[in-house]
Amino acid sequence: MSDSIQRKKVGFVSLGCPKALVDSERILTQLRLEGYDIVPTYENADVVVVNTCGFIDSAKQESLDAIGEAVRENGKVIVTGCMGKNAEQILSVHPQVLSVTGPHAYEEVVGAVHQFIPQTSTHNPFTDLVPPQGIKLTPRHYAYLKISEGCNHRCSFCIIPSLRGDLVSRPVGEVLDEAQGLVDAGVRELLVISQDTSAYGVDLKYRTGFWQGRPVKGNMQGLCEALADLGIWVRLHYVYPYPHVDHVIPLMSEGSILPYLDIPFQHASQRILKLMKRPAATENTLARIKSWRQDCPDLTLRSTFIVGFPGETEDDFKELLDFLEEAQLDRVGCFQYSAVDGASANALPDHVPEEVKQERWERFMDVQQRISAERLKAKIGEEMDVIVDEIEEDRAIARSKADAPDIDGLVYLSKPEGLEVGDLVTVTIEDADDYDLYA
Ligand code: SF4
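Residues numbered from 1 in each chain as written. Predicted model: local features only at pLDDT ≥ 70, side-chain atom pairs only at ≥ 80, totals over all residues. Heavy atoms only, no water.

Explanation requested: the overall build of the chain in the structure shown.
A count of helical and extended segments in the chain gives 13 helices and 21 strands. The C-alpha atoms of the chain give a radius of gyration of 23 Å, which matches the 22 Å a tight globule of 439 residues would have. Each of the three principal axes of the chain carries a C-alpha extent, and together these read 70 × 55 × 50 Å. Burial analysis of the chain (439 residues in total) assigns 56% to the buried set. By sequence separation, contacts in the chain at least 24 residues apart represent 73% of the contacts at least 6 residues apart. Counting every atom, the chain has about 19400 Å² of accessible surface; 51% of that belongs to carbon and sulfur. Averaging the locations of the 43 positively and 69 negatively charged side chains of the chain gives two centres separated by 5 Å. (Helix = DSSP H or I, 4+ residues; strand = E, 2+ residues; numbered from the N terminus. Rg over C-alpha atoms; globule rule 2.2 N^0.38 Å. Buried < 20%, exposed > 50% of the residue type's maximum accessible area, 1.4 Å probe, protein only. Contact = heavy atoms within 4.5 Å. Areas by Shrake-Rupley, 256 points an atom, 1.4 Å probe, with all protein chains shown as cover. Lys, Arg positive; Asp, Glu negative; His and termini not counted. Charge placed at Lys NZ, Arg CZ, Asp CG, Glu CD.)

Teacher, can you tell me more about the sheet that holds strand S4 (residues 77-81) here?
The pairing of strands in a sheet comes from backbone hydrogen bonds and takes either a parallel or an antiparallel form. One open sheet accounts for 5 strands, arranged S2-S1-S3-S4-S5; its pairing is parallel. Taken across any chain shown, the strands that pair with only one partner, and hence form the sheet edges, are strand S2 (37-39) and strand S5 (99-100). Bridging between strand S3 (residues 47-52) and S4 involves 5 bridges; their strand directions are parallel. Residue pairing in the sheet places Thr52 in a bridge with Gly81 of S4. Along the sheet, helix H3 (residues 57-73) contacts strand S1 (9-14), S3 and S4; its crossing angle with S3, the most-contacted strand, is approximately 175 degrees. Contacts from helix H5 (residues 106-116) reach S1, S3, S4 and S5 within the one sheet, and its direction differs from that of S4 by about 175 degrees. (Pairing = 2+ DSSP bridges. Axes fitted to C-alpha atoms, helices over the stretch in contact; angles between N-to-C directions.)

Explanation requested: the packing of aromatic side chains in the structure shown.
For the structure shown, the criterion picks out 7 aromatic pairs. Considering the side-chain rings of Phe157 and Phe309, the 6.4 Å spacing of their centres and the 80 degrees angle between planes classify their relative orientation as edge-to-face. Of this pair, Phe157 sits in the loop between strand S7 (148-149) and helix H6 (160-164) while Phe309 sits in the loop between strand S14 (300-307) and helix H12 (314-327), placing them 152 residues apart in sequence. Phe309 shares its class with Phe157; the two are buried. Arranged with centres 5.2 Å apart and planes meeting at 80 degrees, the rings of Phe309 and Tyr337 form a pair that is edge-to-face. With Phe309 in the loop between S14 and H12 and Tyr337 in the loop between strand S15 (331-336) and helix H13 (354-377), the pair connects residues that are 28 residues apart, well separated along the chain. Considered together, Phe309 and Tyr337 belong to a single accessibility category, that of buried residues. Directly above the aromatic system of Tyr260 lies the positively charged group of Arg235, at a separation of 4.6 Å from the ring centroid. If you follow Arg399 out to its NZ or CZ, it ends over the ring of Tyr142, 5.2 Å from the centre. (Phe/Tyr/Trp six-rings, centres within 6.5 Å; stacked < 30°, edge-to-face > 60°. Lys NZ or Arg CZ within 6 Å of the ring centre and 35° of its normal.)

Would you mind showing me how to read the site of the ligand here?
In the vicinity of the ligand, the contacting residues are Cys151, His153, Cys155, Phe157, Cys158, Ile160, Pro161, Gln195, Tyr240 and Arg278. Each residue belonging to the shell around the ligand can be placed in one class, and the counts come to 7 nonpolar, 2 polar and 1 charged. (Near = heavy atom within 4 Å. Nonpolar A, V, L, I, M, F, W, Y, C, P; charged D, E, K, R; others polar.)

Help me out: how do you make sense of helix H2 (residues 18-33) in this one?
One turn of an α-helix holds 3.6 residues; hence residues three or four places apart share an orientation. Its 16 residues place the ends of H2 22 Å apart at the C-alpha level, agreeing with the 22 Å of an ideal helix rising 1.5 Å per residue. Most of H2 sits out of view: 13 of its 16 residues are buried. Backbone geometry just after H2 places Gly35 at a positive phi near 95 degrees. (Expected span 1.5 Å × (residues − 1).)

Explain the confidence of the model for the chain to me, please; I cannot follow it from the model alone.
Atomic detail in the predicted coordinates should be set aside for any region of low pLDDT. Summarising the model, the chain shows a mean pLDDT of 90, and 95% of its residues fall at 70 or more. Within the model, the stretch residues 1-5 combines pLDDT values under 50 with 4 contacts to residues more than four positions away or in other chains. (pLDDT = per-residue confidence, 0-100.)

What's the story with the nonpolar core in this structure? I'm lost.
A general trend in soluble globular proteins is that nonpolar side chains are found buried together. Counting 59 residues, the largest nonpolar core has Leu190, Leu227, Leu236, Leu261 and Phe364 as the members making the most contacts within it. Val50, Leu64, Ala66 and Ile67 belong to the second-largest nonpolar core, a separate cluster that totals 17 residues. (Core = buried A, V, L, I, M, F, W, Y, C linked by side-chain atoms within 4.5 Å.)

Would you explain the sheet that holds strand S18 (residues 411-413) in this entry?
Across the sheet, which stays open at both edges, the 6 strands sit in the order S19-S16-S17-S18-S21-S20 with mixed pairing between neighbours. Two strands bound the open sheet, and with one partner strand each, they are strand S19 (424-428) and strand S20 (431-432). Looking at chain direction, strand S16 (residues 383-391) and strand S17 (residues 396-400) are connected through 5 bridges and run antiparallel. From the neighbouring strand, Glu390 faces S17, where its bridge partner is Ile397.

Looking at this structure, how should I read the pairing of S3?
A regular strand places its side chains so that they alternate between the two faces of the sheet. Burial within S3 is extensive, with 6 of its 6 residues counted as buried. Every second residue of S3 is oriented toward a common face, with Val47, Val49 and Asn51 on one face and Val48, Val50 and Thr52 on the other, all of them buried. One ladder, built from 5 bridges, connects S1 with S3; its direction is parallel. Paired with Phe12 across the two strands is Val49, which belongs to S3. One crossover worth recording links S3 to the parallel S4 by way of H3, and it is right-handed. (Right-handed = clockwise from strand over helix to strand, strands pointing away.)

What follows is the structure in structure tokens.
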């Protein structure tokens, strides 16, 4: 019997944020290295792994639904990821589940796969080729680069530290080796992710590492300087407005890394930021944004906000709207506060009624949509570099330096002839709507 006939098959469902996606990639790479086949359908799988998200109630429900579907369609299901911290809840709804583990429990998940579908074939490392960069769930031309796990903050609306623990940074040489491997495999854009990119290295006391025979400082600046040498697009996510972030702005203005910062501000009222226990809550954020823009006029700022946090008064909310007008952020997401099981904000007084949350959310979106649309309109006539994500029959879908995949806008190119996915091209912007550009 041939090796391929005996190989066991694993189905995989990956839910949640980019950090969970990186966990999925790591588990899949390990399984593939061990000779398991990864299959895209329930019916062909010997077991199905579901990587869950447990951040807010709707994500938990989505995870439970996905587990339910896998149980119905296949029957042999292993659960991992953030919601796996809450094994009793999962098993009370789906008692048939074979094993439950929490986030970044790679060995345990792989161990569960060994237990329930042991390999009978001998894995042949010469024929079972896994690409050196591992298995990636993103398209070939961009990839997420996770630089740390966990978080040292204790924001009152968030349970991530209780799910993923305190910050653990990956050694800088290891991160850079992975980045180099991805570039060698054809990746042209790296999206740096973590829970707090600005805190990178703090747990290692910013220990200097070595990469390709040279010392690299183990902090955000050192990492960014080394990533800049790779000659590809490098985009920073989940940064907080600490003073030391000023040091990476020159790298952006000289074009070494993308002039893009994803900073989840969440609010502008000092009172609410303190109730939220946000990192850098006491910084003068507007002054910082102003000085960044002076040094790097092309800087794109993306952020997220929460309206209707417990205790938020009309005055706090107006302060937030004033902040939006002043800060002129490019891309913004807004969520109405919703309680997360286990978060300390649940115990705060003065919860905001649902209809007030809805009304504030609508006012917020009105203001920000106008600002974002105006900022996009100002780009009409500009020449800019874009990266091609998709080619359709009569157009190509691309992104500019100002657009991260999945969360920001797109640039639609009208003449796709000769273009390939992953190409970097210079285009002229001809039109803009509320979210996207046309070139
Ligand atoms: S910074 Fe705050 S919101 Fe972000 S993961 Fe840490 S505790 Fe949660």
